[in-house]
Amino acid sequence: MVPTVEWMSKYFNKFNKQYFEGKLETPQFIVGCPYGCFGYLEYRANYNKLTRNISKVLSQPKLMLTSMYDRKQKDVLNTMLHEMIHLYIYSVLKKYPMSQHGGEFTKFANNLNSQGWSISEKNELSKTDKYVDPNKQN
């Protein structure tokens, strides 16, 4: 499956309530992802370089999921949850971590993984992922 903005919004709202106590701010949803990745969270903020505490949010966060691959829905959901963990660290904990996949990320991912998810630091292509040719007409 290739996500749509509507699909992203639906699952974001569901997971926000289910796993994040409804604390996440709603980002802008974008289908398409920079850097050839499966997912990306853009969060622009000022932060203290010593404490890493966020002092001011500069723009609405953007949650992006790739449209380059037709993937299993569960894999896309794992990617979305991965990006939602980043959003939690930034917007709820108000931290800009030194390591994007450090202690707080790992702790939250491990908790979700104990509930049946497979969230990792980095997603890899699986044998079932299919490249979507953007030039091909349906």
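First things first, this report covers the structure right here in the doc. (Residues numbered from 1 in each chain as written. Predicted model: local features only at pLDDT ≥ 70, side-chain atom pairs only at ≥ 80, totals over all residues. Heavy atoms only, no water.)

## Section: the pattern of salt bridges
Worth spelling out the cut-off: The rule for a salt bridge is simple: a side-chain nitrogen of Lys or Arg has to be within 4 Å of a carboxyl oxygen of Asp or Glu. Partly exposed residues are those whose accessible area sits between 20% and 50% of the maximum for their type, while under 20% is buried and over 50% is exposed, using a 1.4 Å probe and protein chains only.
Summed over the entire model, instances satisfying the criterion amount to three salt bridges. With its nearest N and O atoms 3.0 Å apart, the salt bridge here joins Lys23 to Glu21. A salt bridge links Glu42 to Arg44, with the shortest nitrogen-to-oxygen separation between them at 3.0 Å. The exposure class assigned to Arg44 is partly exposed, which follows from its relative accessible area of 47%. Taken together, the shared-partner salt bridges in this structure form one network comprising Glu42, Arg44 and Lys62.

## Thoughts on the side chain of Glu83
In plain terms, the rule: Going along the chain from the N terminus, every DSSP run of H or I of four or more residues is numbered as a helix, and every run of E of two or more is numbered as a strand. Two residues form a contact once any of their heavy atoms are found within 4.5 Å.
Assignment of secondary structure puts Glu83 in helix 2 (residues 73-91). Setting aside residues up to four positions removed in sequence, Glu83 forms contacts with Gly39, Tyr40, Leu41 and Leu63.

## Details of the packing of helix 1 (residues 5-20) against helix 2
Note the threshold: To obtain each axis, a line is fitted to C-alpha atoms, and for helices this fit is confined to the stretch in contact; angles are then taken between N-to-C directions over 0 to 180 degrees. For classification purposes, an angle smaller than 35 degrees is called roughly parallel, one larger than 145 roughly antiparallel, one from 65 to 115 roughly perpendicular, and anything else oblique. Two helices that cross are described as forming a left-handed crossing if the nearer one is turned anticlockwise from the farther one by less than a right angle, and a right-handed crossing if clockwise. Asp, Glu, Lys and Arg are counted as charged, while Ala, Val, Leu, Ile, Met, Phe, Trp, Tyr, Cys and Pro are counted as nonpolar; the rest, among them Gly, fall into the polar class.
Direction vectors running N to C along helix 1 and helix 2 enclose 60°, while the axes themselves pass 11 Å from each other. Accordingly, the angle class assigned to the pair helix 1 and helix 2 is oblique. Two packed elements cross with a definite hand, and for helix 1 against helix 2 that hand is right-handed. Contacts between helix 1 and helix 2 involve Trp7, Met8, Tyr11, Phe12, Phe15, Asn16, Tyr19 and Phe20 on the former and, on the latter, Gln73, Val76, Leu77, Met80, Leu81, Met84, Ile85, Leu87 and Tyr88. Residues belonging to the contact of helix 1 with helix 2 are distributed by class as follows: 15 nonpolar, two polar and no charged.

## Some points on the sheet that holds strand 5 (residues 62-65)
Stated precisely, the cut-off is as follows: At least two bridges found by DSSP between two strands is the condition for calling them paired.
Pairing within the open sheet is mixed, and its three strands lie in the order 1-5-2. Pairing within the sheet leaves two strands with one partner each, and these edge strands are strand 1 (28-31) and strand 2 (39-42). When strand polarity is set aside, the average angle formed by the axes of neighbouring strands in this sheet is 15°. Inspection of the sheet shows strand 1 paired to strand 5 by four bridges, in the parallel sense. Residue Gln28 lies in a different strand from strand 5, and its bridge partner there is Lys62. Helix-sheet contacts for helix 1 involve strand 1 and strand 5, and the interaxial angle to strand 1 is about 135°. Together, strand 1, strand 2 and strand 5 form the strand contacts of helix 2, whose direction differs from that of strand 2 by roughly 20°.

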